[in-house]
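# Notes for the structure review
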Amino acid sequence: MPVPWWQDYTLRIVLSGAALLGLTSGLLGSWSVLRRQSLLGDGIAHAALPGVVLAWMLAGRRDTGILLLGAAAAGWAGTLLIQHLVHGARVKEDSALGIVLAGFFGLGLMLLTWVQHRPDAGQAGLETFLFGQAATLVARDLVWVGGTAVMALAACLLCWKEFKIVGFDREYAASLGLPVRRIERLLTALLVLGIVIGLQTVGVVLVSAMLIAPVVAARQWTHRLSSMVALSMVLGMVGGVGGVLVSAGSERLPTGPCIVLVTALLVAFSLAFAPHRGLVAAWRRQRNSRRALDHDRVLAALQALAGQHPQEPAHAHPEAVIRGMVPGVGVSVVLRNLERRGLARPEGQDSWCLTPEGRSRRIHRTGMEETR
Amino acid sequence: MSAPLEISLIAALTAVACVLPGALLVLRRMALMSDAISHGILPGIVLGVVAGGGVGSPWALAGAVLAGMVLVWLVDLLVATGRMHGDAAIGLVFPVMFSAGVILVARLGGQAHLDTDAVLLGELAFAPLDRLVLGGRDLGPRALWISGGVLLAGLLLVVSCYKELKLAAFDRDFSEAQGLRPGLLDRLVLVLTCLTCVAAFDVAGSVLVVALMIAPAAAAWLLVQRLGSLLGVAALLGVISVLSGQGVARALDLSLAGSMAVCCTLVFLLVFLLAPRRGVLARRRHLQHNRDRFAVDLLLVHLLQHEGQPGEDGPDHLTGHFGWTGSRAARTLRQGEREGVLEVEDRRIRLTGAGRVRAAEAMVRG
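Procedures and definitions
- Residues numbered from 1 in each chain as written.
- Chains lettered and ligands numbered in written order.
- Predicted model: local features only at pLDDT ≥ 70, side-chain atom pairs only at ≥ 80, totals over all residues.
- Heavy atoms only, no water.
- Helix = DSSP H or I, 4+ residues; strand = E, 2+ residues; numbered from the N terminus.
- Rg over C-alpha atoms; globule rule 2.2 N^0.38 Å.
- Buried < 20%, exposed > 50% of the residue type's maximum accessible area, 1.4 Å probe, protein only.
- Contact = heavy atoms within 4.5 Å.
- Areas by Shrake-Rupley, 256 points an atom, 1.4 Å probe, with all protein chains shown as cover.
- Lys, Arg positive; Asp, Glu negative; His and termini not counted.
- Charge placed at Lys NZ, Arg CZ, Asp CG, Glu CD.
- Core = buried A, V, L, I, M, F, W, Y, C linked by side-chain atoms within 4.5 Å.
- Buried area = accessible area lost by both parts, 1.4 Å probe.
- Salt bridge = Lys/Arg side-chain N within 4 Å of Asp/Glu carboxyl O.
- Polar contact = N/O pair within 3.5 Å; in protein donor to acceptor, adjacent residues only side chain to side chain.
- Nonpolar A, V, L, I, M, F, W, Y, C, P; charged D, E, K, R; others polar.
- Disulfide = S-S within 2.5 Å.
- Pairing = 2+ DSSP bridges.
- Axes fitted to C-alpha atoms, helices over the stretch in contact; angles between N-to-C directions.

## Some points on the overall build of chain A
- When you go through chain A residue by residue, the secondary structure sums to 16 helices and three strands.
- Relative to the 2.2 N^0.38 estimate, which gives 21 Å for 372 residues, the radius of gyration of chain A is 30 Å and therefore markedly larger than a compact globule would have.
- Across its three principal axes, chain A shows a C-alpha extent of roughly 105 × 65 × 35 Å.
- When each of the 372 residues of chain A is scored for burial, the buried share is 53%.
- Put simply, of all contacts in chain A between residues at least 6 apart along the chain, 69% involve residues at least 24 apart.
- Entry remark: accessible area of chain A is about 17,400 Å², with carbon and sulfur atoms responsible for 61%.
- Taking the average place of the 35 positive charges on the side chains of chain A and the average place of its 23 negative ones, the gap between the two points comes to 4 Å.

## Considerations on the nonpolar core
- Ranked by size, the top nonpolar core spans 192 residues in total, and within it Ile-41, Leu-124 and Phe-268 of chain B carry the most contacts.
- Tallying contributions element by element places helix α10 (residues 182–223) of chain B first for this core, with 27 residues.
- Contact partners of Phe-268 of chain B, with chain neighbours within four places excluded, come to Leu-85, Val-91 and Ile-99 of chain A together with Ala-215, Ala-218, Ala-219 and Leu-222 of chain B.
- Ala-300, Met-325, Val-329 and Trp-352 of chain A belong to the second-largest nonpolar core, a separate cluster that totals 20 residues.

## So, the interface of chain B and chain A
- With 56 residues of chain B at the contact, the number on the chain A side is 58 residues.
- For the chain B and chain A pair, buried surface summed over both sides reaches about 4,900 Å², with 73% attributable to carbon and sulfur atoms.
- If you look at where chain B meets chain A, you find zero salt bridges.
- For the pair chain B and chain A, the number of links is nine residue pairs in polar contact (both at pLDDT 80 or more).
- Among the secondary structure elements, those contributing two or more residues to the side of chain B that touches chain A are α2 (32–40), α5 (86–112), α6 (116–121), α10, α12 (256–274) and α13 (280–305) of chain B.
- Ranked by the residues each element gives to the side of chain B that touches chain A, the list is headed by α5 of chain B, at 14 residues.
- Residue composition of the side of chain B that touches chain A, by class: 35 nonpolar, 12 polar and nine charged.

## Comments concerning the state of the cysteines
- The tally for this structure, following the rule as stated, stands at zero disulfides over all chains.
- No disulfide involves Cys-159 of chain A; its sulfur sits 8.0 Å from that of Cys-156 of chain A, the nearest cysteine.
- Here Cys-161 of chain B stays free of any disulfide, with the sulfur of Cys-194 of chain B as its closest cysteine sulfur at 17 Å.
- A residue is classified by how much of its surface remains accessible, and Cys-161 of chain B, at 17% relative accessible area, is buried.

## Things to note about the sheet that holds strand β3 (residues 351–354) of chain A
Residue and element names in this part refer to chain A.
- What the three strands build is an open sheet, ordered β1-β3-β2; its pairing is antiparallel. Each end of this open sheet is capped by a strand with a single partner; those strands are β1 (317–318) and β2 (344–346).
- Pairing geometry for β1 and β3, over two bridges, is antiparallel. Note on β3: the bridge partner recorded for Pro-318 is Ser-351.
- This element, helix α13 (residues 279–307), spans β1, β2 and β3 of the sheet and lies at about 85 degrees to β3.

Next comes the structure, spelled out in structure tokens:
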């Protein structure tokens, strides 16, 4: 009998790692999405490759701490170069990001082939780096992931107000005398750390989704930054844990992509069903207001018709006449609804008149302006 | 033809083919769509490969183009909901599609014979082995024909819509007002990007594609102003980059795609530093020139105001009065002497006639 997942030691490690990673990326991604730098994470992730390979070459062995250090250094160098490119000359941010991304990654590839030529080269770590290998997480890695999570949380709690102001309105923050550049640098440094620990789990290409998806999902449920960040952390964790469980359920489902797809499902669900910003809610709001407007227009048409017969207020008019007065409205359905609300009643074959209540009803949105 | 020569030819053709959509993307500030598309087409390629043939087969090409279109459509759709910004939508969609691709590879790996490394990194070194043979005749490497075909498609688009593309790139609102449908053009450019990514993908891999699309165009944009010359210069820079990359890779026996991408970036960085007017050094020189000129003006006006008053015209007075450092003061004095607007004689600064005129002009200028 197979061991259930909560008793499987390896799986527990992987689950904790994915949960911590989801939490960290949900937290740090909030700031990069808020600052409209969603794609910076992708750039940093690619830029980290030469650092990983160099650290590996210098250390001579695959030690998680050293590799992470190298990745962080290279990622940081990449962001600095991007900033220099943008400030130094006429280079737009997206171009600078793309150039640094491809150039650094290319450099990493060159170094990697060089390492592989050396006689003492072990297994190439490229596959792990590109696609992540959550399954290879060991307890010692958890210390790094957990440490980063704690650090990121502490920094965000300590500098909450500063991050918030800089995130929403950079110019205002500067006018308050806040050290905007230093705060931004701190945010970027945290982002680099978060990405570097994500590399090992989901890989280069997918890190950016880990940063963006929980935030976009959380954003749909709330308007407050604090609740958005909290929810984004929770959703990141849910995505991580869910992805690991899904991939553990089958032999040939790689973990990183599973995490991304599960988190993407959370986004799709949130986009569709969130109470206010959700697309279904928006569609229903629109439908309800259109229906209310249709009712009022038909009611107004009936009142106008009744006004033509002051002596005989209950004079009935054929439905076709009403339909001619309010083009584009499903008149028969609306009439039946009006009947249910006690505002109109049918009279003979397809003719309608107003009840006393319908006659006295005041209408604010007539929609008749253009027909007059 | 020898294999290295064929590789050079394929690489150069691919570089030029990449430059056309790349330059338009860079101008429209959609450069990262190249990154997104080159990753997001993976599921299409996998399905195409499963349907029949290798990575370069027509099925894979069709699947990839289709996947690219789906990606563009999804990004548009997400942005149109008004619930997120464009960059978030891009950063969300392409990893999801890439994930789907990776999972497909893992599930169908046995049937697909697809190495994800190869997809990301390209197999340029093996491109000459895959020949196009028609009716028993060897027509050269297949990649050469594919790259050439895509280049032709790109040229066709650029030549036939040159005016419209130019206007859409430089003044979108105006082109919209003129009824030139910049949105439709964007879509066409993205289709071309998909096609190019797919063609380049086989030989170059997705990372080199990004380098080829963005770096030469961004570099050319620092050198020239006009769209036509931008395309020409970018193509030239792209070819230089890939050929030098090939040289480096052969000399040091390193990854071909990697060193080409690095050379693209290095060529860009060189241009970034040295471009005659918009390069970093030129801008710094220009700034320094203005600063020097202003300092001399300031000094001249000061001297004119206090002419004849002792104590105001000693070189040591400058550091206190203007808050200049010693070297700054010395530099300004040297500059002024060189321009013949002032003279220093036994530790007193005097205006020359030309200096008096220039000080008066500077005061009028304000």
